[in-house]
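For reference, the chains in residue letters:
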Amino acid sequence: MCILCRMGAHSMKTQVAIIGGGPSGLLLSQLLHVRGIDSVVLERKTKDYVLGRIRAGVLERGMLDLMREAGVADRMEKEGHAHDGTLISYGDEMFRVDFTEHTGHAVMVYGQTEVTRDLYEAREAAGGAIEFNVEDVVINDADSDAPFVSYTVVGQARRIDCDFVAGCDGFHGVSRNTIPDDVRREYEKVYPFGWLGILSETPPVNPELIYANSDRGFALCSMRNENLSRYYIQCSLSDSPNDWSDTAFWNELKRRIPTDQADKLVTGPSIEKSIAPLRSFVTEPMRWGRLFLCGDAAHIVPPTGAKGLNTAASDVHYLYNGLRDFYENNSTAGIDSYSQKALARVWKAERFSWWFSSLLHRYPDQTTFDHRIQVAELEFLRASKAAQKAMAENYVGLPY
Ligand code: APR
Ligand code: PHB
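Residues numbered from 1 in each chain as written. Chains lettered and ligands numbered in written order. Predicted model: local features only at pLDDT ≥ 70, side-chain atom pairs only at ≥ 80, totals over all residues. Heavy atoms only, no water.

## A short note on the packing of aromatic side chains
Here is step 1 of the chain: Tallying each qualifying case throughout the model produces 25 aromatic pairs.
Here is step 2 of the chain: Ring geometry for F164 versus F326: centroids 4.9 Å apart, planes at 90°, classification edge-to-face. Placement of F164 in strand β13 (residues 164–167) and of F326 in helix α10 (residues 308–329) is noted, with a sequence separation of 162 residues between them.
Here is step 3 of the chain: Ring centres 5.7 Å apart and planes at 85° place the aromatic pair F249 and W250 in the edge-to-face group. Side by side, F249 and W250 carry an identical accessibility label, which is buried.
Here is step 4 of the chain: Chaining the aromatic ring pairs together yields one cluster made of F99, W195, Y211, F218, Y232, F352, W355, F356 and Y395.
Here is step 5 of the chain: Note that R279 overlies the ring of F171, its terminal NZ or CZ placed 4.3 Å from the centroid.
Here is step 6 of the chain: Cation over ring: K307 sits above Y395, and NZ or CZ is 5.6 Å from the ring centre. (Phe/Tyr/Trp six-rings, centres within 6.5 Å; stacked < 30°, edge-to-face > 60°. Helix = DSSP H or I, 4+ residues; strand = E, 2+ residues; numbered from the N terminus. Buried < 20%, exposed > 50% of the residue type's maximum accessible area, 1.4 Å probe, protein only. Lys NZ or Arg CZ within 6 Å of the ring centre and 35° of its normal.)

## Description of the site of ligand 2
Here is step 1 of the chain: With respect to spatial proximity, 15 residues lie near ligand 2, and among them Y211, S222, R224, Y232 and P303 are the closest.
Here is step 2 of the chain: At a separation of 3.3 Å, an oxygen atom of ligand 2 approaches a polar backbone atom of A306.
Here is step 3 of the chain: Protein chains bury 100% of the 280 Å² of accessible surface belonging to ligand 2 in isolation.
Here is step 4 of the chain: Of all elements in the fold, only β16 (219–225) and β17 (228–235) reach the threshold of two or more residues within the shell around ligand 2.
Here is step 5 of the chain: Counting residues per element, the shell around ligand 2 draws most heavily on β16, which supplies 3 residues.
Here is step 6 of the chain: Looking at side-chain class alone, the shell around ligand 2 contains 9 nonpolar, 4 polar and 2 charged residues. (Near = heavy atom within 4 Å. Polar contact = N/O pair within 3.5 Å; in protein donor to acceptor, adjacent residues only side chain to side chain. Areas by Shrake-Rupley, 256 points an atom, 1.4 Å probe, with all protein chains shown as cover. Nonpolar A, V, L, I, M, F, W, Y, C, P; charged D, E, K, R; others polar.)

## A closer look at the pattern of salt bridges
Here is step 1 of the chain: Under the defined criterion, the tally for this structure stands at 32 salt bridges.
Here is step 2 of the chain: For R279, the salt bridge goes to E188, with nearest N and O atoms at 2.6 Å. Of this pair, R279 sits in strand β18 (residues 270–284) while E188 is found in strand β14 (residues 185–200), placing the two residues 91 residues apart along the sequence.
Here is step 3 of the chain: In this structure R279 comes out as partly exposed when scored by relative accessible area, which is 23%.
Here is step 4 of the chain: One continuous salt-bridge network, built from bridges that share partners, spans R75, E79, E114, R117 and D118. (Salt bridge = Lys/Arg side-chain N within 4 Å of Asp/Glu carboxyl O.)

## What to know about the sheet that holds strand β1 (residues 11–13)
Here is step 1 of the chain: If you trace the 4 strands from one edge of the open sheet to the other, you get β1-β12-β11-β10, paired in mixed fashion. If you trace the sheet from one side to the other, it starts and ends with β1 and β10 (134–140), each paired once. Across the sheet, the mean angle separating the axes of adjacent strands is 20° when strand polarity is ignored.
Here is step 2 of the chain: Looking at chain direction, β10 and strand β11 (residues 148–153) are connected through 5 bridges and run antiparallel. (Pairing = 2+ DSSP bridges. Axes fitted to C-alpha atoms, helices over the stretch in contact; angles between N-to-C directions.)

## A short note on the state of the cysteines
Chemically, a disulfide is nothing more than a covalent bond linking the sulfur atoms of two cysteines.
Here is step 1 of the chain: The final tally for this structure, using the stated rule, is 0 disulfides.
Here is step 2 of the chain: The closest cysteine sulfur to the non-disulfide-bonded C235 is located on C221, 16 Å from its own sulfur.
Here is step 3 of the chain: The thiol of C294 is unpaired, and the distance to the nearest cysteine sulfur, on C168, comes to 4.2 Å. (Disulfide = S-S within 2.5 Å.)

## Notes on the nonpolar core
Here is step 1 of the chain: Of all hydrophobic cores here, the largest spans 67 residues; its most connected members are L27 and L59.
Here is step 2 of the chain: A total of 7 residues in this core trace back to one element, the largest contributor, which is α10.
Here is step 3 of the chain: Excluding anything up to four places from it in sequence, L27 contacts M63, L66, A70, L119, A313 and V316.
Here is step 4 of the chain: Among the nonpolar cores identified, the runner-up in size contains 32 residues, and V58, Y191, Y232 and L360 belong to it. (Core = buried A, V, L, I, M, F, W, Y, C linked by side-chain atoms within 4.5 Å. Contact = heavy atoms within 4.5 Å.)

## Digging into unusual backbone geometry
Here is step 1 of the chain: Here E284 and P285 are connected by a cis peptide whose omega angle stands at -5°.
Here is step 2 of the chain: Among the secondary structure elements, P285 is positioned in the loop between β18 and β19 (287–288).
Here is step 3 of the chain: Notably, D136 is not glycine yet its phi reads approximately 50°, a positive angle.
Here is step 4 of the chain: Summarising the element assignment, D136 is placed in strand β10.

## A look at the sheet that holds strand β4 (residues 58–59)
Backbone hydrogen bonds are what pair the strands of a sheet, in a parallel or an antiparallel way.
Here is step 1 of the chain: Strand order across the open sheet formed by 3 strands is β4-β8-β5, with antiparallel pairing between neighbours. Here the strands that pair on one side only, and so sit at the sheet edges, are β4 and β5 (81–83).
Here is step 2 of the chain: Pairing analysis gives 2 bridges linking β4 to strand β8 (residues 107–109), with the strands arranged antiparallel. Note on β8: the bridge partner recorded for V58 is V109.

## Quick look at the pairing of β18
Here is step 1 of the chain: As paired elements, β14 and β18 share 13 bridges and run antiparallel to each other. If you follow G197 over to β18, its bridge partner there is S274.
Here is step 2 of the chain: Relative to strand β21 (residues 299–300), β18 is paired through 2 bridges, and the arrangement is antiparallel. Each residue of the ladder has a partner; that of V282, found in β21, is H299.

Written as structure tokens, this is what we have:
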């Protein structure tokens, strides 16, 4: 029975109505809760559906701090793995970039699914208002001082009156398109390939991630824990997961990573196999009246730098602090600078993700000259501490 049914009402009032029960919506709701600011989360799917989506798993330092501030870091601290560096290979050459040496910071390898699970548990433990299976969500009067969200649940009309609306409903949500076309500007780059990813209950080939550039295309060796590995290979956008048997996947992966790594690769049946397209996308502004966009609702990055969740988190950081400023100091300074602050960091994450993708993938129209430039860039990164420092600063997460 939905929260409003339990209350025998069809409308309610809250301070912040949050559209989307993915990581950005839940993290915002939990942080606001910690500061005594009320919110309601509306999610189109079920909790199990949201938790069933396999996503990346590298957390920046800023995300770790937000999880701690939200009081949901315990399991991450226990089960996550701090990584001080990563490996980059091209052909049989391989070198390491030491994050801690260059930045004093590490990243945390902890699956986005686990982050989302921890946030759901925290919201439920706090009696947080989350409405699942909502439909027909419409954000009304966002350009007024009294916005409201209308929606239906099993055909029943509902309404939430609120001070603010946070659009955390991902790329395919309704929030972004609530901002009028003549206000919204969109920037997009679609990459001519995808990532075929598998999850396998096998020990990772290397304790650290391997980002591989090879004549046959990109590959990535990642993990979730000591016996759960995540591997990706660059594939054609016309491929489907069924085109790739596990054997074909493993054989192709072995051809793309250094021989000594391929020789110790433990293979096994895949428990998940999917293809993700690669896209860079940004919409501006990220605020319209009382509506604020966060995460995938406003921007998409190719997964090459694992910046998707982390950039959603920086949006949440700026919005959460802006709303605190409003409710605790009666100041609009934070919310008035939200879009500018969030976009400034979003574009840096877009640049890094585009640069890392350009460095490591094979493009169909790549010339021999282009390829030599890629190798020269890899050789420079390998030899230059300054170049490694720049990469490390971006990888561990630029300051908020
Ligand atoms: N009404 C309610 N909920 C909706 C609607 C809608 N109209 N449209 C979408 N949603 C829900 C989706 O079902 C999803 O659970 O909004 C949620 C958005 O979650 P995400 O797509 O995970 O986006 P976000 O929370 O911003 O997280 C960004 O997710 O895709 C990864 O790489 C991305 O890691 C990044 C992270
Ligand atoms: C993952 O573990 O799924 C992962 C890690 C790093 C990336 C992308 C995905 O850059």
